[in-house]
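# What the coordinates show
Below, each chain spelled out in residue letters.
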Amino acid sequence: MSTASSSAIAPFLESRSSRQLYHDRTLALLSTLAATSSPQTTSLLTLPNHPTHSSERRSTSTFLLRPPSSEELSVLLDPSLCNCRLVNPNVEIRLMYRVAGNGEGKSMAKWDLSAALKEQVRNNGFGGEWLILGVLLDGPDDATTTTATASSSAASALSNVAGLSNNTLLSECILEPGSSLHDNSEVSRTHVMKHASIVGCGSVTCPRSVVEASRKKCRFDMQRGSMDVEVGPEAGGGRLVRVCVESTLVDVCRDLNMDSGVTLAPLVPQPPTPKNDDVPAIPMNSLAPRSSLLHTPTAAHVALLPHSTIRSAQSVLSALLLPHAAISWGVTASHALLQWDATLTSHSDAHRVFLMERSEVGPHSFTANAIYGPDAHVSGGEVHCTVFGPNANGHHQSLLIGILWPLGRGNVGYGSNVGSNHTGRIPDQETSVGEGTFWGLGSVIKFPVDLTHAPYSIVAAGVQLPPQRITLPFSLITDGPNNMNLLTPGWLLHYSPYTIARSEVKFANRRMAKRHDFYTGWKILRAGVMDMLVDARESLLSAGRRQQQQQQQSGGEGTSGNRAPASAVQVYKTDKAIPGLGANQLTEKGRQIGIKAYTAAIQRYALRGLLHRLVTMAKAQDEVLSAEDVLRHVGLEGVLAVSGHDMETTTSSTSKVNWPVLPWNEEAHTDPEAQWKHQHSLLMKELPSIISSTTNTNNNNNNNISILSTLLQKCVALEQDHAKRVYQSKSRDDARGAKTVPGYADVHVAAEKDSVALAAREEAESVKRDVAVVEEMMGIATGGGGARSRL
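Residues numbered from 1 in each chain as written. Predicted model: local features only at pLDDT ≥ 70, side-chain atom pairs only at ≥ 80, totals over all residues. Heavy atoms only, no water.

## Quick notes on the overall build of the chain
Here is the rule we go by: Runs of E in the DSSP output that reach at least two residues are strands. Runs of H or I that reach at least four are helices, and both are numbered from the N terminus. The contact criterion used throughout is that any non-hydrogen atoms of two residues lie within 4.5 Å. Under the convention used here, a 1.4 Å probe and the Shrake-Rupley method define accessible areas, while residue burial counts only the protein chains that appear.
A tally of regular secondary structure across the chain gives 19 helices and 46 strands. Considering only residue pairs separated by 6 or more positions, the chain has 53% of its internal contacts joining residues 24 or more positions apart. As presented, the chain carries roughly 33000 Å² of accessible surface, and 51% of it is formed by carbon and sulfur atoms.

## Side note on the packing of aromatic side chains
Put simply, the test is: Side-chain rings of Phe, Tyr and Trp, where Trp is taken by its six-membered ring, are said to pair if the distance between their centres is within 6.5 Å; with planes under 30 degrees apart they count as stacked, over 60 as edge-to-face, and otherwise as tilted.
According to the stated counting rule, one finds nine aromatic pairs in the structure shown. An aromatic cluster is built from Phe 12, Trp 340, Phe 518, Tyr 519, Trp 522 and Trp 664, whose rings are joined through pairwise contacts.

## Examining the environment of Leu 256
Considering the arrangement of structural elements, one finds Leu 256 in the loop between helix H7 (249-255) and strand S16 (285-287). For the pair formed by Leu 256 and Val 241, sequence separation is 15 residues and the distance between their alpha carbons is 6.7 Å. Apart from the residues within four sequence positions on either side, Leu 256 is in contact with Val 231, Arg 239, Val 241 and Val 387.

## Side note on the packing of helix H11 (residues 527-553) against helix H13 (residues 588-620)
For clarity, the threshold we go by: Angular values range over 0 to 180 degrees, each being the angle between N-to-C directions of two axes fitted as lines to C-alpha atoms, with helices fitted over their stretch in contact. Crossing handedness follows the turn of the near helix against the far one: under a right angle anticlockwise gives a left-handed crossing, and clockwise gives a right-handed one. Three residue categories are used. Nonpolar comprises Ala, Val, Leu, Ile, Met, Phe, Trp, Tyr, Cys and Pro, charged comprises Asp, Glu, Lys and Arg, and polar comprises the others, including Gly.
As a packed pair, H11 and H13 sit with axes 9 Å apart at the nearest point and diverge in direction by 145°. Where H11 crosses over H13, the two elements pack in a sense that is left-handed. Facing H11, whose interface residues are Ala 527, Met 530, Leu 533, Val 534, Ala 536, Arg 537, Leu 540, Leu 541, Ala 543 and Gly 544, H13 presents Arg 591, Gly 594, Ile 595, Tyr 598, Thr 599, Ala 601, Ile 602 and Tyr 605. By residue class, the composition of the contact of H11 with H13 is 13 nonpolar, three polar and two charged.

## Observations regarding the side chain of Arg 725
How we decide: N or O atoms closer than or at 3.5 Å make up a polar contact, with two conditions inside protein: a donor-capable atom paired with an acceptor-capable one, and, for residues adjacent in sequence, both atoms drawn from side chains.
Examined against the element boundaries, Arg 725 turns out to sit in helix H17 (residues 701-740). A polar atom in the side chain of Arg 725 sits 2.6 Å from the backbone oxygen of Leu 493. The residues touching Arg 725, leaving out its near neighbours within four places in the chain, are Leu 493, His 494 and Pro 497.

## As for H13
The condition that has to hold: In this analysis, the expected span of each helix is defined as 1.5 Å times one less than the number of residues it contains. Burial classes: relative accessible area under 20% of the type maximum marks a residue as buried, over 50% as exposed, and values in between as partly exposed (1.4 Å probe, protein chains only).
If you check H13, its first and last C-alpha atoms are 48 Å apart, about what 33 residues at 1.5 Å a residue would give, namely 48 Å. For H13, the buried fraction is high: 26 of the 33 residues fall into the buried class.

## Comments concerning the pattern of salt bridges
What counts here: Each reported salt bridge corresponds to a side-chain nitrogen of Lys or Arg within 4 Å of a carboxyl oxygen of Asp or Glu.
Following the criterion strictly, the structure yields 30 salt bridges and no others. The partner of Asp 221 in a salt bridge is Arg 215, with the nearest N and O atoms 3.9 Å apart. In this structure, Arg 591 and Glu 588 form a salt bridge, with 3.0 Å as the shortest nitrogen-oxygen distance. Of this pair, Arg 591 and Glu 588 both sit in helix H13, three residues apart, which is roughly one turn of the helix. For the pair Arg 591 and Glu 588, one class covers both residues: buried. In this structure, a network of salt bridges that share partners links the residues Arg 409, Glu 435, Arg 526 and Glu 666.

## With respect to the nonpolar core
Stated precisely, the cut-off is as follows: Nine residue types can take part in a nonpolar core, namely buried Ala, Val, Leu, Ile, Met, Phe, Trp, Tyr and Cys, and a core is a set of them joined through side-chain atoms within 4.5 Å.
In this structure, Leu 133, Ile 327, Leu 344, Leu 610 and Leu 636 are the most contacted members of the largest nonpolar core, which totals 143 residues. Counting residues per element, this core draws most heavily on H13, which supplies 15 residues. Among the nonpolar cores identified, the runner-up in size contains 39 residues, and Ile 9, Phe 220, Leu 256 and Met 356 belong to it.

## Some points on the confidence of the model for the chain
Put simply, the test is: Scored between 0 and 100, pLDDT is the confidence that the predictor attaches to each residue.
Mean pLDDT over the chain works out to 90, with 88% of the residues at or above the 70 mark. Note on residues 143-152: pLDDT under 50 across the span, and 15 contacts to partners over four residues away in sequence or across chains.

## Remarks on unusual backbone geometry
A cis amide bond, omega 10°, links Gly 362 with the succeeding residue Pro 363. With respect to the helices, strands and loops of the structure, Pro 363 is situated in the loop between strand S25 (360-361) and strand S26 (366-372). Following Phe 447, the chain continues to Pro 448 via a peptide bond in cis, the omega torsion being -5°. Looking at where Pro 448 falls in the secondary structure, it is placed in the loop between strand S36 (444-446) and strand S37 (449-450). Not every positive phi belongs to a glycine, and Arg 189 is a case in point at roughly 45°. Within the fold, Arg 189 resides in the loop between strand S10 (186-188) and strand S11 (190-192). Relative accessible area serves as the criterion here: at 23%, Arg 189 is assigned to the partly exposed category. Positive phi, normally seen in glycine, also occurs at His 301, with a value near 60°.

## Observations concerning the environment of His 307
Assignment of secondary structure puts His 307 in the loop between strand S18 (298-304) and strand S19 (309-311). In this structure His 307 comes out as partly exposed when scored by relative accessible area, which is 38%. Separated by 16 residues in the primary sequence, His 307 and Pro 323 place their C-alpha atoms 5.3 Å from one another. Leaving out residues up to four positions away in the same chain, His 307 has contacts with Pro 289, Arg 290, Ser 291, His 324 and Ala 325.

## Regarding the pairing of strand S7 (residues 163-171)
Basically, it comes down to this: What makes two strands pair is DSSP finding at least two bridges between them.
Of the strand pairs in this sheet, strand S5 (residues 121-127) and S7 are connected by five bridges, and their pairing is parallel. The partner of Phe 126 across the bridge, within S7, is Leu 170.

## Thoughts on the state of the cysteines
Note the following rule: To count as a disulfide, a pair of cysteine sulfur atoms needs to be within 2.5 Å.
Inspection of the entire model under this criterion finds zero disulfides. Cysteine Cys 84 shares no disulfide, and the gap to the nearest cysteine sulfur, in Cys 82, comes to 5.4 Å. On the basis of relative accessibility, which here comes to 5%, the residue Cys 84 falls in the buried class.

## Details of the environment of Ala 265
Here Ala 265 shows up in the loop between H7 and S16. Using a relative accessible area of 10% as the deciding quantity, one classes Ala 265 as buried. Linking Ala 265 and Ile 9, residues 256 residues apart in sequence, is a C-alpha distance of 9.9 Å. Setting aside chain neighbours within four positions, we find Ala 265 in contact with Val 250, Trp 664 and Asn 665.

## What to know about the packing of H11 against helix H16 (residues 672-690)
Note the cut-off: Roughly parallel refers to an angle under 35 degrees, roughly antiparallel to one over 145, roughly perpendicular to one between 65 and 115, and oblique to any angle outside these ranges.
Here H11 crosses H16 at 20°, and the two axes come no closer than 11 Å. Between H11 and H16, the crossing angle belongs to the class labelled roughly parallel. Along this stretch, H11 crosses H16, giving a crossing that reads as left-handed. Within the contact between the two elements, H11 uses Ala 527, Met 530, Asp 531, Val 534 and Arg 537 and H16 uses His 678, Leu 682 and Glu 686. For the contact of H11 with H16, the residue count by class is four nonpolar, one polar and three charged.

Structural data, given as structure tokens:
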């Protein structure tokens, strides 16, 4: 594994190591307890200090475990002092406290802790076979008890009070010094570490029956932090994903074979299988330092890492929460893995779910067998058997069943029913969704559907989409005549480039899951998407050529392959007419819009690569550059040899049903040279259409330079046209709103002041300035054959 790859997955491996440390701590305390030869044995145990305690001066601390003396036991049971009771008269209580320094264990074993017990323990019932009761001492311990203030909330105050009070039953627990347990009905088989708290709960247990049931249901393994999630078909098959709480979408896509077994991004290795002696004989809940379990009626088989919380949930079974994750406010959850800052909230039901960093489910959501990518959000809807990718959003009442949406970045409108997965025989259908798909209000999707090769397409409000496969990116699908939907390819590129420009900024700003940043920061208009545009454009061009041939065979006049004759049929229906059109219809005007939009995007991408290459070269040079050097550097020597050829015909690669290349598996994702190689390849294919108007075709260096100037001016023209269309797409909304809604213009940012439109205009001006400097550097403007860098 490369250094960069190791660095990328380091936070995930560090998290796994931290979890293992807490597990080993529980195991060490249970082993010490089991090794005790008699109830009167005193034990010394050295444990590593918690990494979250920055104030600790030593890496380890030594603890004493001993039974209470007769005086201490009397204090615990005295109604006027600690007022505790033995629910089981035979329970073996062990006091646990920290040794002040090296060699002091023997003397401190004789310390009378009665005063500390009176301060920290009050009104509890002790049951089960054993109980480790931690006592916090002012001297040895790096913490002291605190007192609730009148201004603090009851829950917050009590969770900061070290000690035990008003617990009906404490049974077979490890309650370390500095832990807080107050006002609970039952806490059993739970390890509560320093500064962790359980307050106001009903039953907090870890019965072996729950552990075994979870293992049987989905192979839930708390120690490994892993379980199985079934996505895709609800029945009649299924796609089983083995997820770990430290998994990434790269790992999930590999497990689902979406990358065809090849990935360039690093994978987080599966955790090793525990050894027999590494498995606790007694299953235990675990609360790491600064974690909290508050006001929850039922919690069983849970593990909370530092600063994670379960607060006012209804019921939580078999759940593992990484730091700062939260399950709160009326949630019912089972078999849940939550990464950093992930949230289940507000009366949601979640079962067999995996939430990656910064993802959120709730309020009022129901989800089962679902994987949520980083920064994904769902509220008010149902999500089942689904991979819901990064930055995908469903903020309204909607339905998603059997959805494979690994690249996310889309939106689910109110009332969207993306879940017609039942054939009347068995609910075994599924849908694969492209990056950036927008499901309009009240849209109804009948399975199966594949949009993976049609990224950033919009299914308009109220559209019913029958089973089909669409491979025309950036499309708009609306209701059409004769009960057949109308598809306009490239609509978003041509009529609403504002959406794409804003989305680039939006995704960058909303990408809060920094641990996943090594693979989630891909561009919208990137190499893989450009390849899809090339394939889609070829489908549209081929339809025009076929139409032309049919017209000629029927005796009509010949026309351009890009435009159908006026007498020809002006509507193309289904993918029988145009591969990738699906079950939709497309007008001749729409075909022309698609060709124009795709061509402009492809050429803009390729020419921006050329400009970047020239600017980079200019910045790195201080000596005179010959025309030959410049052309060789950008791979355009001998360009006139291909400039007169027609646009190269390509064979579409979307006819085969497969997943597109995932962004993190594109070589250009992390390698600028690979990106330029791809841009140069497209540029060479686009040269004929870009320079077809050039009249000077003499094969010499000056004419090659002239063609290079033509390419640069085309780059300027495309960028200015893009900025203009970004502005127009926003200004159309402004004009329509002002004509419709009173006071609209007073409360909306006009296109003239809109940050996205202004950024597009500034980008166009920046390109124009770069081209001017490059042309001057190369002597194009002055007619020179060589140039000196002026950058």
